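Chain residues, written in single-letter form:
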Amino acid sequence: MADFLLAAATFAVATVAVALIRILRGPGDAERMMAAQLLGTGGVGALLLYGAASGEGSAIDVALTLALLAAFAAVAFFMSASRDGDAGAGRE
C-alpha cells in the first residue's frame, strides 16, 4: 500500500510541475493565481500522501500549513483584484 501512495504522491508532484510551467506562461493575473492554487493543492496532496505512506506526522503538519497559506493567498488576491476593479470604475 505504501508503494501505491508514493506513486500517487509522485503523480501529484508531476501535476505541480505542470502548474509551475503554467504560472510562468499564464497570460493574466487570474490564470496565474489559479495555477498557484493548483500548486498549493498538489503540494498539499503530495505531502499528505507522503505522510500517510511513511508514517511521518510532520509531513501532515507541513501540508496543513501549506493549505492555510494557499487559502490566505487566494483571499488576498481576490480582495486586491476587487479593490483595484472598484477604484478603476470610479475614475471613468
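Everything quoted here is computed from the prediction, not taken from an experiment.

1. Overview of the overall build of the protein chain
Helix and strand content of the protein chain: 3 helices and 0 strands. Shown N-terminal to C-terminal, the secondary structure of the protein chain runs as helices and strands in the order α-α-α. On C-alpha atoms alone, the protein chain measures out to a radius of gyration of 17 Å, which is more than a quarter above the 12 Å that the 2.2 N^0.38 rule sets for 92 residues. Seen along its three principal axes, the alpha-carbon backbone of the protein chain occupies a region of about 60 × 25 × 15 Å. Looking at the 92 residues of the protein chain, the share that counts as buried comes to 23%. Contacts spanning at least 24 positions in sequence make up 45% of the contacts within the protein chain whose residues lie at least 6 apart.

2. Topic: a nonpolar patch on the surface
Residues Leu48, Ile60 and Leu64 make up a contiguous nonpolar surface patch of roughly 240 Å² in combined accessible area. By the element assignment, Ile60 lies in helix α3 (residues 57-91). For Ile60, a relative accessible area of 33% translates into the label partly exposed.

3. Let's talk about the side chain of Gln37
Structurally, Gln37 can be placed in helix α2 (residues 29-54). Looking at Gln37, its side chain comes within polar contact range of the main-chain oxygen of Ala70, at 2.9 Å. In contact with Gln37, other than residues within four places in its own chain, are Ala70 and Ala74.

4. Quick word on the packing of aromatic side chains
Under the definition given, this model contains 1 aromatic pair. For the ring pair Phe77 and Phe78, a centre distance of 5.2 Å and an interplane angle of 70° mean the geometry is edge-to-face. Phe77 gets classed as partly exposed once you look at its relative accessible area, which sits at 22%.

5. Digging into helix α1 (residues 2-25)
Relative to the 34 Å expected for 24 residues at 1.5 Å per residue, α1 spans 35 Å between its end C-alpha atoms, a close match to the ideal helical length. Those residues of α1 that sit buried are Leu5, Ala9, Ala12, Val16 and Ala19.

6. Section: the confidence of the model for the protein chain
Considering every residue of the protein chain, the mean pLDDT works out to 82; 91% of them sit at 70 or more. Highest mean pLDDT in the protein chain belongs to α2 (86); lowest belongs to α3 (79). pLDDT under 50 marks residues 86-92. Its contacts with residues more than four places away, or in other chains, come to 0 contacts.

Conventions we followed
- Residues numbered from 1 in each chain as written.
- Predicted model: local features only at pLDDT ≥ 70, side-chain atom pairs only at ≥ 80, totals over all residues.
- Heavy atoms only, no water.
- Helix = DSSP H or I, 4+ residues; strand = E, 2+ residues; numbered from the N terminus.
- Rg over C-alpha atoms; globule rule 2.2 N^0.38 Å.
- Buried < 20%, exposed > 50% of the residue type's maximum accessible area, 1.4 Å probe, protein only.
- Contact = heavy atoms within 4.5 Å.
- Patch = residues over 30% accessible without salt bridge, like charges linked within 9 Å, V, L, I, M, F, W, Y side chains within 5 Å.
- Areas by Shrake-Rupley, 256 points an atom, 1.4 Å probe, with all protein chains shown as cover.
- Salt bridge = Lys/Arg side-chain N within 4 Å of Asp/Glu carboxyl O.
- Polar contact = N/O pair within 3.5 Å; in protein donor to acceptor, adjacent residues only side chain to side chain.
- Phe/Tyr/Trp six-rings, centres within 6.5 Å; stacked < 30°, edge-to-face > 60°.
- Expected span 1.5 Å × (residues − 1).
- pLDDT = per-residue confidence, 0-100.

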